[in-house]
Amino acid sequence: MSKSVKVYSTPTCPWCIRAKQFLQENNIDFQNIDVSSNQQAVDELVQKSGQMGVPVLDIEGEIIVGFDKERIKQSLGIS
Amino acid sequence: MQIYDLIIIGAGPAGITASVYSARKKLNFLVISLDIGGQAAWSGDIENYTGYQFITGPDLAQKFHEHMRKYDTLLKENEEVLELKRSNGVFLVRTNKSDYNSRSVIIASGKRSKELGVPGEKEFKNRGLTYCATCDGPLFSAKDVAVIGGGNSALDAALQLVKIARQVNIVNNRPALGGDEIMRQKVEGAANVTVFNNSQVISVTGDKFVGAIKIKDNSGVRDLSVQGVFVEIGLVPNSAFARDVEKNNRGEIKINLRNETNIPGIFAAGDVTDVPEKQIIIAAGEGSKAALSVFRYLATSKF
């Protein structure tokens, strides 16, 4: 079973774009949550990660702040 | 260990353009970079890159990225260069992950945001304080924010934020705003902008997230209630790893018209250099010049 992946992002942030690209390149399905003009999503992001920067990845409960390629790879078992 | 013809450090406009030229010259080369697009990816609206009457920073960075990938360029992303030195007749590039050898190097590592250096800045980073309006601006919908700075990057940030935030306060330590006239007019014409000139930020305060900044002007110190702080006070070059390369008093790498540094075989391009004017189109042009100089250098040197 593949892990559920959520990406909290804004449409314009370069690291968000890279993070989503990276997941796509590795054929990982994910749910993109655009936090711009969605206060509820912002609150969720802040509550989960304790901070306000994007992107934040929620990989089945594991919270990764920023495009941390190594941690994302490790968490998803991408070699 | 493999010896490359060329290692390009950085993948902003200068590094990516250098990579395109190097690929077309069929050099055996490698690009090492922390990020893709450099500062261009952080820019808001771009209206002065020829061929695009209007494009956003992230979109232009994406175009650059696609152009580089077209040539199957070898790219080490998320890697930071820590050291560059000569070793056994070639250059050794040491990163946080590995060592690489090359006959020549183009330093195109650009600049990064300068920090305020005030109490609260580190504690509240990503807790309301950010250096990237393009990235984090949308999180401050209907909130009150402060933009620190008075040059083009501060104006750019303010113009992005007027559409998102409730109130935008610009805190500028000079007597008047600088930057381009056309941007200044847009900022001054916005209904939800207040400019505090001759004002300095002395601290960032709050509980878990930013709640206010303390600013100081001729009349004294006051608290400005804000939930977001955007620091746009200028940039510093990413040149510390190149210890033996000559720099000016701002830390910018000195180059000549051929993008040569004081060390034969080490070239530099774009915002990390002392090139007059820092513009995306200039950085791109400098990147192409540097790659062509490298090609000439490799063709005429004996290894």
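Residues numbered from 1 in each chain as written. Chains lettered and ligands numbered in written order. Predicted model: local features only at pLDDT ≥ 70, side-chain atom pairs only at ≥ 80, totals over all residues. Heavy atoms only, no water.

Novice: Just checking my understanding: could you explain the interface of chain A and chain B for this structure?
Specialist: Frequently, the measure chosen for interface size is the accessible area removed from exposure when the parts meet. Counting from both sides, the interface comprises 24 residues of chain A and, opposite them, 25 residues of chain B. Carbon and sulfur atoms make up 56% of the area that chain A and chain B hide from each other, which totals about 2000 Å². It is Pro-14, Trp-15 and Met-52 of chain A in chain A that bury the most area against chain B; as a group they hold 30% of the surface buried on that side. Salt-bridge contacts for Glu-77 of chain B lead to Lys-69 of chain A; the nearest nitrogen and oxygen are separated by 3.5 Å. For the interface between chain A and chain B, the tally reads 7 residue pairs in polar contact (both at pLDDT 80 or more). Elements supplying a minimum of two residues to the side of chain A that touches chain B: helix 1 (14-25), helix 2 (39-49) and helix 3 (69-76) of chain A. (Contact = heavy atoms within 4.5 Å. Buried area = accessible area lost by both parts, 1.4 Å probe. Salt bridge = Lys/Arg side-chain N within 4 Å of Asp/Glu carboxyl O. Polar contact = N/O pair within 3.5 Å; in protein donor to acceptor, adjacent residues only side chain to side chain. Helix = DSSP H or I, 4+ residues; strand = E, 2+ residues; numbered from the N terminus.)

Novice: Can you walk me through the pattern of salt bridges in this structure?
Specialist: Any two side chains of opposite charge can pair, so long as their charged atoms come close to each other. This structure, assessed with the given rule, holds 21 salt bridges over all chains. Its salt-bridge partner being Glu-62 of chain A, residue Arg-71 of chain A comes within 3.3 Å of it at the nearest N-O pair. Given the relative accessible area of 31%, Glu-62 of chain A is considered partly exposed. For Lys-97 of chain B, the salt bridge identified is with Glu-70 of chain A, shortest N-O distance 3.7 Å. Separated into two different chains, Lys-97 of chain B in the loop between strand 7 (90-95) and strand 8 (99-107) and Glu-70 of chain A in helix 3 make up a pair that spans both. Each of Arg-18, Glu-25 and Lys-69 of chain A together with Arg-69 and Glu-77 of chain B takes part in a single network of salt bridges with overlapping partners. (Buried < 20%, exposed > 50% of the residue type's maximum accessible area, 1.4 Å probe, protein only.)

Novice: What exactly am I supposed to notice about the sheet that holds strand 13 (residues 193-196) of chain B here?
Specialist: Residue and element names in this part refer to chain B. A sheet is described by the order of its strands in space; here 5 strands give the open sequence 10-17-11-12-13, paired in parallel fashion. Strands with a single pairing partner mark the edges of an open sheet, and in this sheet they are strand 10 (129-130) and strand 13. Where strand 12 (residues 167-171) meets strand 13, 4 bridges bridge the pair, whose relative direction is parallel. Bridging from a neighbouring strand, Val-171 pairs with Phe-196 of strand 13. Each of strand 11 (144-148), strand 12 and strand 17 (228-231) is contacted by helix 4 (residues 152-161), which is oriented at about 165° to strand 11, the strand it contacts most. (Pairing = 2+ DSSP bridges. Axes fitted to C-alpha atoms, helices over the stretch in contact; angles between N-to-C directions.)

Novice: Before we go on, may I ask you to explain the packing of helix 1 (residues 13-24) of chain B against helix 6 (residues 280-300) of chain B in this structure?
Specialist: Any two packed helices are characterised by the angle at which their axes cross and by the distance between the axes. Residue and element names in this part refer to chain B. Where helix 1 meets helix 6, the axes come as close as 7 Å, and the angle between the chain directions of the two elements is 40°. In the crossing of helix 1 with helix 6, the sense of the turn from one axis to the other is right-handed. Packed against helix 1, whose contacting residues are Pro-13, Ala-14, Thr-17, Ala-18, Tyr-21 and Ser-22, the element helix 6 presents Ile-280, Ala-283, Ala-284, Gly-287, Ser-288, Ala-291 and Leu-292 at the interface. Of the residues that constitute the contact of helix 1 with helix 6, the class distribution is 9 nonpolar, 4 polar and no charged. (Left-handed = near helix turned anticlockwise from the far one by under 90°. Nonpolar A, V, L, I, M, F, W, Y, C, P; charged D, E, K, R; others polar.)

Novice: I would appreciate a short explanation of the environment of Tyr-297 of chain B in the present structure.
Specialist: Residue and element names in this part refer to chain B. Relative to the helices and strands, Tyr-297 resides in helix 6. Relative accessible area serves as the criterion here: at 19%, Tyr-297 is assigned to the buried category. Tyr-297 sits 204 residues away from Val-93 along the chain, and the two C-alpha atoms are 19 Å apart. Non-local contacts of Tyr-297, meaning those with residues more than four positions away in its chain, are made with Arg-103, Ser-104, Pro-264, Gly-265, Phe-267 and Phe-303.

Novice: For this particular structure, what's the right way to read helix 6 of chain B?
Specialist: What sets the pattern is the α-helix's 3.6 residues per turn: residues three or four places apart point alike. Residues and elements named next belong to chain B. Taking 1.5 Å of rise per residue, the 21 residues of helix 6 would be expected to cover 30 Å, and the 31 Å separating its terminal C-alpha atoms lies within 8% of that figure. Within helix 6 the residues assigned to the buried category are Ile-280, Ala-283, Ala-284, Glu-286, Gly-287, Ser-288, Ala-290, Ala-291, Ser-293, Val-294, Tyr-297 and Leu-298. Buried positions along helix 6 lie against strand 1 (3-9), helix 1, strand 3 (45-46), helix 2 (57-69), strand 8 and strand 19 (266-268). (Expected span 1.5 Å × (residues − 1).)

Novice: Looking at this structure, I do not really get the state of the cysteines. What am I missing?
Specialist: Covalent bonding between the sulfur atoms of two cysteines defines a disulfide. Scanning all chains against the criterion turns up 2 disulfides over all chains. Here Cys-13 of chain A pairs with Cys-16 of chain A through a disulfide, and the sulfurs are 2.1 Å apart. Its S-S torsion of approximately 100° makes the covalent link between Cys-13 of chain A and Cys-16 of chain A right-handed. The exposure classification of Cys-13 of chain A matches that of Cys-16 of chain A, with both residues buried. One disulfide bridge connects Cys-132 of chain B with Cys-135 of chain B, the sulfur atoms lying 2.2 Å from each other. Sign of the S-S torsion, about 75° for the bond between Cys-132 of chain B and Cys-135 of chain B, identifies this disulfide as right-handed. Judged by its relative accessible area of 3%, Cys-132 of chain B is buried. (Disulfide = S-S within 2.5 Å.)

Without other data, these values stay purely geometric and don't point to any function.
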